[in-house]
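# Results of the structural survey
Below, each chain spelled out in residue letters.
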Amino acid sequence: MFVDILAFNVQANIFQYLNIHKYRIHKMPLNKKIGLFIPCYVDQFYPNVGIATLELLEKLGCQVSYPMGQTCCGQPMANAGYEWDTIGTTKHFLKTFLDYDYIVAPSGSCVLHIKDHAPAIPGMEKEQESLHQKIFELTEFLTDILKVETLHGSFPHRVGFHASCHGHRGLRLGSCSERNEPFYSKGKQLLEQLDGLEWVELTRTDECCGFGGTFAVTEEALSVQMGKDRLEDHLTHGVEILTGGDISCIMHLEGIAKRNQQPLEFMHIAEILNQAIS
Amino acid sequence: MSHPTKASEFLQDAAKAKWHDETLWFVRDKRDNISKTIPEWEELRELASQIKDNVLANLETYLVEFEKNAKANNIHVHWAKNAEEHNQIVLGILQNHQCKAIVKSKSILTEECHLNPFLENNGIEVVDTDLGERIVQFLNQPPSHIVLPAIHLKKRDISELFHEKLQTEKGNEDPTYLTHAARIHLREKFLGAKVAITGVNFGVAETGEFVVCTNEGNADMGVHLADVHIACMGIEKIIPRRKDLGIFLRLLARSATGQPITNYNSHFRSPAPGKEIHIVLVDNGRTEQLGREKFKNSLKCIRCGACMNTCPIYRRSGGYSYGSVVPGPIGSILSPGLDVKKYSTLPFASTLCGSCTDVCPVKINIHEQLYEWRQEITKAQGTNTKSISMKIANGIFAVPFAYKITGAMMRGALKILPDSITYSGLNIWGKQRDLPETPKETFKDWYKKNRK
């Protein structure tokens, strides 16, 4: 199997063709260091999503390292109204990832937080600005920076995509149903490259699942109802595997589906892509 | 009562909650479809947003211009600092005309000022002439939605209500029949009212005229039959030029109900011979909101209600769950400005999904303001249990070692604890959801073994 990528839009002259195992890939320019940012709940509860993200990026020729000192981006506190209490966390994050050319995370929500809501750190404004330019959610890094256009792999399943709000409307990873704009979806763009994958159209293409961080607990009844409604949309359209770019939303949906013994499987998009092309 | 409590009460009747969600989704869907027939839709939103920015930056100038031109058109202009002054001004005009019964078309401002009970306590009969508003008035309820006041009620509820109030046939739920009954009832009230009150959708500074938009023509019917027209207008409803209406009227009805335009867009410029027009310009906290840098552009709102129709929370919790005059996302950023303590749970009644911001015809960054209100509210609340736990959390995340230890304890606890504890009442997450399976090791542990 091959992984062809029209990699990297700059410095094309320093691309190198490599043969690593069975893959023919473009290698990222050697001077580009990618820092892997694994959100705290992924580290603690979904290590497989972290592993899939790392392996996927490596298969695509990237030099990735995971800075061991990383903790959390501060989002849970900030969204609960305690942004002012996250200066320590933000400063730590900034220092941890200072030296990387790119920072990639399998979570739109955490990336959005870093870009939009992390409090300003006095004296580090320049570093912070530069961080905002070089941090990417995984799918947008694949489509916009690596410019992945032809993934070779097969995933013969009916897949429903949950467009998590923070990635979708915050990072604009896809066209939003409220806006008058041409259709696009970075998730779909990647998934449709896999043989046999059937992209399932939903009735409400980008409705919130009701996770919302602390909302899931403070507004428990609403949160669960919203999750149930999302699941119903996927189930009535015959989805086998529900995927998305944020495992937090998926954790919530999976929790409800399991409790109600609903026949759905759940995977992060990194897990699908990594599994399919290996 | 807090939003979560009222929301879970609303969800008790699962079938009705589902119907409420689907009904409002239908309206949003109509709005999506019609907005996509206008190629320049996003440009219109941008223009409307910029015009409103300009208005807010020059509010004083436009208001003075509006007053000057309205007076030149023989309109009486009154200024009200707050709800009390507004109500007194209206009462004074009614007393001058020995008026004991008025008709009123939809005005969220008069809801905000609680005009109806005030006038009723002063011996004046108030009849809301918008059909939905008349329905909730019969029930002694406030509107549950700013555009669709009785959207929380089903045909059967209205049939029962009209049987009781208007003596319609018991069990007849035919909308045409019920509307006809309301029409006959309201006609009588229209004919008897010497004064008609309306709201204002747009006040035009350059001409001193104002525009009232309705679908039922009830504002016009009331005004044309009465001797005196009192228009109640929030000071933020000003627009600079008449030609700006070309932008706002195209956006308003499409955003509100998915119609190309409201059925009646009536321009009031000067009174007919022998008649009077009064306009009451109301502040009631608006200049204070204008002074809040992060929240001032909530005043751009044109009250279309699209953020309610799109909000996954509003659709599943109903207008009353907010306990504020203006419910839904826009209400949740306006209300804390009036009383931060009373409305402290509203900015948290959101997942910050951002749909409200994308649907807003004047591009108010609603979900960002919800986030900002959260920051203000926690500061105002000072040290409580939650803020202490957040401080601890920040301590944990700022120190890698502390994070590692806490994470291990958390995962360890989940493994050891029996389901009876994990899923007990104390664990709100686990009430209706399973927890993820606890992995053997963290990503960090795996990485150390496999990559270093």
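Residues numbered from 1 in each chain as written. Chains lettered and ligands numbered in written order. Predicted model: local features only at pLDDT ≥ 70, side-chain atom pairs only at ≥ 80, totals over all residues. Heavy atoms only, no water.

We now examine the overall build of chain A. Helix and strand counts for chain A stand at 13 helices and 12 strands. Out of the 278 residues belonging to chain A, those deemed buried represent 65%. Pairs at least 24 apart in sequence give 74% of the contacts found in chain A among residues at least 6 apart. (Helix = DSSP H or I, 4+ residues; strand = E, 2+ residues; numbered from the N terminus. Buried < 20%, exposed > 50% of the residue type's maximum accessible area, 1.4 Å probe, protein only. Contact = heavy atoms within 4.5 Å.)

Below, the discussion takes up the sheet that holds strand 1 (residues 76-80) of chain B. Residue and element names in this part refer to chain B. With respect to topology, 6 strands assemble into an open sheet ordered 1-10-7-4-2-3, the strand pairing being parallel. Two strands lie at the open edges of the sheet, namely strand 1 and strand 3 (125-128), each paired on one side alone. Direction aside, the axes of adjacent strands within the sheet are offset by 20° on average. For strand 1 and strand 10 (residues 276-282), the ladder comprises 5 bridges, and the chain directions are parallel. Within strand 10, the residue paired with His78 across the bridge is Val280. Contacts from helix 4 (residues 59-72) reach strand 1, strand 7 (228-234) and strand 10, with the element oriented near 150° to strand 1. (Pairing = 2+ DSSP bridges. Axes fitted to C-alpha atoms, helices over the stretch in contact; angles between N-to-C directions.)

For the rest of this paragraph, the subject is the interface of chain A and chain B. With 73 residues of chain A in contact, the opposing surface of chain B contributes 77 residues. Buried surface at the junction of chain A and chain B, both sides included, amounts to about 6700 Å², of which 57% is carbon and sulfur. For the pair chain A and chain B, the number of links is 11 salt bridges. With its nearest N and O atoms 2.7 Å apart, the salt bridge here joins Arg259(A) to Asp434(B). In this assembly, chain A and chain B are joined by 38 residue pairs in polar contact (both at pLDDT 80 or more). (Buried area = accessible area lost by both parts, 1.4 Å probe. Salt bridge = Lys/Arg side-chain N within 4 Å of Asp/Glu carboxyl O. Polar contact = N/O pair within 3.5 Å; in protein donor to acceptor, adjacent residues only side chain to side chain.)

A word on the nonpolar core. Residue and element names in this part refer to chain B. Core analysis: the largest hydrophobic core is formed by 91 residues, its most contacted members being Phe202, Phe210, Ile238, Ile279 and Ile330. The dominant element in this core, judged by the number of residues it contributes, is helix 12 (residues 245-257), at 7 residues. Dropping the residues within four chain positions of it, Phe210 is found in contact with Ile75, Val200, Phe202, Gly203, His229, Ala231, Ser266, His267, Phe268, Ile277 and Ile279. (Core = buried A, V, L, I, M, F, W, Y, C linked by side-chain atoms within 4.5 Å.)

Here we take up the sheet that holds strand 5 (residues 202-204) of chain B. Residue and element names in this part refer to chain B. With respect to topology, 4 strands assemble into an open sheet ordered 8-5-6-9, the strand pairing being mixed. In this open sheet, the two strands that pair with only one neighbour each are strand 8 (238-239) and strand 9 (264-268). Examined bridge by bridge, strand 5 and strand 8 share 2 bridges and lie parallel to one another. Counted as the bridge partner of Gly203 is Ile238 from strand 8. Sheet strands touched by helix 12: strand 5, strand 6 (209-214), strand 8 and strand 9. Its angle to strand 5, the strand with the most contacts, is close to 175°.

The next thing to look at is the environment of Trp19(B). Residues and elements named next belong to chain B. Following the sequence through the fold, Trp19 ends up in helix 2 (residues 14-35). Along the primary structure Trp19 and Lys154 are separated by 135 residues, whereas in three dimensions their C-alpha atoms are 9.3 Å apart. In contact with Trp19, other than residues within four places in its own chain, are Ile151, His152, Leu153 and Lys154.

This paragraph deals with the confidence of the model for chain A. Looking at chain A as a whole, the pLDDT averages 89, with 89% of positions reaching at least 70. Taken together, the stretch residues 1-27 of chain A has pLDDT below 50 and engages in 72 contacts with residues farther than four places along the chain or on a different chain. (pLDDT = per-residue confidence, 0-100.)

Here we come to the pattern of salt bridges. Per the counting criterion, the structure on display carries 46 salt bridges over all chains. Notably, a salt bridge pairs Arg204(A) with Asp21(B), separated by 3.1 Å at the nearest N-O pair. Of this pair, Arg204(A) sits in the loop between strand 10 (198-199) and helix 10 (215-218) while Asp21(B) is found in helix 2, placing the two residues in two different chains. Pair check on accessibility: Arg204(A) and Asp21(B) agree, each one buried. Glu372(B) is paired through a salt bridge with Lys294(B); the nearest N and O atoms lie 3.5 Å apart. Residue Glu372(B) is located in helix 18 (residues 366-381), and its partner Lys294(B) is located in the loop between helix 13 (286-290) and helix 14 (306-310); the two are separated by 78 residues in the primary sequence. Via salt bridges that share partners, Arg169(A), Glu178(A), Asp206(A), Arg28(B), Arg31(B) and Asp32(B) belong to a single interconnected network.

Turning our eyes to something else, we now look at the environment of Arg169(A). Among the structural elements, Arg169(A) can be located in helix 8 (residues 165-170). Look at Arg169(A) and you get buried, because its relative accessible area is 7%. Considered as a pair, Arg169(A) and Gly108(A) are 61 residues apart in the sequence and their alpha carbons are 9.9 Å apart. If near-sequence neighbours (up to four positions away) are discounted, Arg169(A) is found in contact with Cys176(A), Glu178(A), Asp206(A), Cys353(B), Gly354(B), Ser355(B) and Asp358(B). Separated by 3.0 Å, the side chains of Arg169(A) and Glu178(A) make a polar contact.

Before going further, it helps to spend a moment on the pairing of strand 12 (residues 265-268) of chain A. Residues and elements named next belong to chain A. Bridge count for strand 11 (residues 241-244) against strand 12 is 4 bridges, and the pairing is parallel. Bridged to Gly244 within strand 12 is His268. Each parallel crossover has a hand, and for strand 11 linked through helix 12 (residues 247-259) to strand 12 it is right-handed. (Right-handed = clockwise from strand over helix to strand, strands pointing away.)

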